[in-house]
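Observations on the model geometry
The primary structure of each chain is shown beneath.
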Amino acid sequence: MTQLSPFPSPALAVVIGAGGGIGAALLSALREAGRFEDVIGLSRRGDPPLDLLDERSIRAAAERIAGHRAPPRLILDATGFLHDGDYRPEKSWRQLDPDHLARAFAVNATGPALLMKHLLPLLPRDGKALFATLSARVGSISDNRIGGWYAYRASKAALNQLVRCAAIELRRTHPQAVCVALHPGTVDTGLSAPFAKAGLEVRPPEVAAADLLAVVDGLTPERSGELVDQNGETVPF
C-alpha cells in the first residue's frame with residue numbers, strides 16, 4: 001500500500017484522466033491508501049465529464065470540486081496524447097502535419113494549462129497542497145539526442161514551460177503548494193505499447209502509480225516548477 005505523507009485534514013484528492021491506464025492505477029492506489037476523506041476520478045466519460053478540449057467542461061468540473069466538503073490538496077493530471085488511429089509519432093520532418101501538431105498541443109499543453117487555470121486557485125493557501133501533470137523525459141530539449149517525435153516532444157516541452165510559469169505565479173499566493181510535471185517512465189499502457197523496445201524498463205501501471213505517489217510524497221515547495229522523473233530526480237529542461 002502506498003503511504004503518502006500527511007495532508008492537512010480534511011483533504012480531497014483528484015485524478016484527471018482516470019479512465020486511462022496510469023490514471024486508473026493512481027485512483028485505485030489513492031483509494032486503497034485511505035489517506036484522503038475522498039478521492040475523485042474525472043474523465044471524458046465520468047460525471048461530470050471532463051474533456052481537455054472543452055474548457056466549459058473543465059470549468060464545470062472545477063465548480064464541482066470547489067463545492068466538495070473537503071478542499072482539494074492533491075490534484076494529479078494523468079492525461080496525454082502520443083498516437084491514435086490517425087496520427088503516429090514522426091520519424092522525420094517530412095512527416096510533419098499541422099493537424100497532428102495542433103492535436104498534440106491541444107491535449108498535451110493547452111488542456112493541462114486550462115486545468116491549472118481553473119484548479120490551481122482551488123488549492124488551499126495554507127498547508128501541503130500539490131498539483132502534478134504527466135509530462136515526459138522526451139520533452140526535455142537538452143536531453144534530446146536522437147530527434148523525431150516532433151509533435152509529442154514539442155508539446156511536452158511546452159507543457160514543462162507552462163508548469164514552470166504556473167509554479168512561479170502559484171508561489172506568490174500559495175507558498176506551501178507545489179506545481180510540477182512528472183515523467184512516469186515507460187508504462188505498459190496503450191499509449192506506449194507500440195513503442196516499447198527491448199531493453200527498456202516497462203512497468204505495469206500499478207507499479208508506476210506507486211512510484212509516482214512515492215515521488216509526490218517527497219516533493220517540497222522548493223521543487224515546484226520542476227520536471228521530476230519516477231525516481232524523484234530532476235530532469236533538465
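Computed from a prediction, not measured in an experiment: that's the story for all the values here. (Residues numbered from 1 in each chain as written. Predicted model: local features only at pLDDT ≥ 70, side-chain atom pairs only at ≥ 80, totals over all residues. Heavy atoms only, no water.)

**Details of the state of the cysteines**
- Applying the stated criterion to the full structure yields zero disulfides.
- For the unlinked cysteine C165, the closest cysteine sulfur is that of C179, found at 10 Å. (Disulfide = S-S within 2.5 Å.)

**Let's talk about the packing of helix α2 (residues 55-66) against helix α3 (residues 98-119)**
- Interaxial distance between α2 and α3 falls to 9 Å at its minimum, and their mutual angle equals 35°. The hand of the α2/α3 crossing is right-handed. In this structure, α2 uses E55, I58, R59, A62 and I65 to contact α3, whose residues at the interface are G111, L114, L115, K117, H118 and L119.
- Among the residues forming the contact of α2 with α3, the class breakdown is six nonpolar, two polar and three charged. (Axes fitted to C-alpha atoms, helices over the stretch in contact; angles between N-to-C directions. Helix = DSSP H or I, 4+ residues; strand = E, 2+ residues; numbered from the N terminus. Left-handed = near helix turned anticlockwise from the far one by under 90°. Contact = heavy atoms within 4.5 Å. Nonpolar A, V, L, I, M, F, W, Y, C, P; charged D, E, K, R; others polar.)

**A few points about the pairing of strand β3 (residues 72-77)**
- A large share of β3 lies buried, amounting to six of its six residues.
- Of the pairings in the sheet, the one linking strand β1 (residues 12-16) to β3 comprises five bridges and is parallel in character. Following the sheet pairing, A13 is matched in β3 by L74.
- Taken together, the four bridges between β3 and strand β4 (residues 129-134) define a ladder with parallel strand orientation. Residue pairing for β4: D77 is matched across the bridge by T133.
- Regarding the hand of the β-α-β motif, the stretch spanning β3, α3 and β4 is right-handed. (Buried < 20%, exposed > 50% of the residue type's maximum accessible area, 1.4 Å probe, protein only. Pairing = 2+ DSSP bridges. Right-handed = clockwise from strand over helix to strand, strands pointing away.)

**Describing helix α1 (residues 21-33)**
- An ideal rise of 1.5 Å per residue puts 18 Å on 13 residues; α1 measures up with 18 Å between its terminal C-alpha atoms.
- Along α1, the positions that sit buried rather than exposed are I22, G23, A25, L26, L27, A29, L30 and A33.
- Those residues of α1 hidden inside the fold are in contact with β1, β2 (38-42), β3, β4, β6 (186-187) and α5 (205-218).
- Taken from the residues just after α1, G34 is the one with a positive phi, measuring 65°. (Expected span 1.5 Å × (residues − 1).)

**What about the pattern of salt bridges?**
- All chains considered together, the criterion is met by nine salt bridges.
- Ionic pairing is found between D211 and R203, a salt bridge with its closest N-O pair at 2.3 Å.
- A network of salt bridges, in which partner residues are shared, links E55, R59 and K117. (Salt bridge = Lys/Arg side-chain N within 4 Å of Asp/Glu carboxyl O.)

**Things to note about the nonpolar core**
- Core analysis: the largest hydrophobic core is formed by 36 residues, its most contacted members being I16, L42, L50, L115, L120 and C179.
- The set of elements that each furnish at least two residues to this core consists of β1, β2, α2, α3, β4, α4 (150-173) and β5 (177-182).
- Those residues in contact with L120, other than ones at most four positions away along the chain, are L115, F131, A166, L170, H174 and C179.
- One finds A18, L76, A78 and L212 within the second-largest nonpolar core, a separate group that totals 31 residues. (Core = buried A, V, L, I, M, F, W, Y, C linked by side-chain atoms within 4.5 Å.)

**Describing the sheet that holds β1**
- Read across the open sheet, the six strands follow the order β2-β1-β3-β4-β5-β8; overall the sheet is parallel. Lying at the two open borders of the sheet, with one neighbouring strand each, are β2 and β8 (227-228).
- Note: β1 against β2, five bridges, orientation parallel. Bridging across to β2, L12 finds its partner in D38.
- The sheet strands contacting α1 are β1, β2, β3 and β4, and the helix crosses β2 at an angle near 170°.
- Across the sheet, α4 is in contact with β4, β5 and β8; its angle to β5 comes to roughly 175°.

**Some thoughts on the environment of H100**
- As for its position among the elements, H100 is in helix α3.
- Judged by relative accessible area, H100 falls into the buried class, the value being 3%.
- Among residues more than four places away in sequence, those in contact with H100 are F81, L82, Y87, R88, P89, E90 and A151.

**Section: the pairing of β1**
- Burial runs high along β1: five of the five residues are buried.
- Where burial is concerned, the two faces of β1 agree: the one with L12, V14 and I16 and the one with A13 and V15 are both buried.
- Each parallel crossover has a hand, and the one from β1 via α1 to β2 is right-handed.

**Focus on the side chain of E90**
- Examined against the element boundaries, E90 turns out to sit in the loop between β3 and α3.
- Although E90 is buried, it forms no salt bridge, and the closest oppositely charged side chain is R153 at an N-O distance of 8.2 Å.
- Here H100 takes part through its side chain, which lies 3.3 Å from a polar atom of the side chain of E90.
- Looking at E90, its side chain comes within polar contact range of the main-chain nitrogen of A151, at 3.2 Å.
- Setting aside anything within four residues of it in sequence, one finds E90 in contact with Q95, L96, H100, G148, W149, Y150 and A151. (Lys, Arg positive; Asp, Glu negative; His and termini not counted. Polar contact = N/O pair within 3.5 Å; in protein donor to acceptor, adjacent residues only side chain to side chain.)

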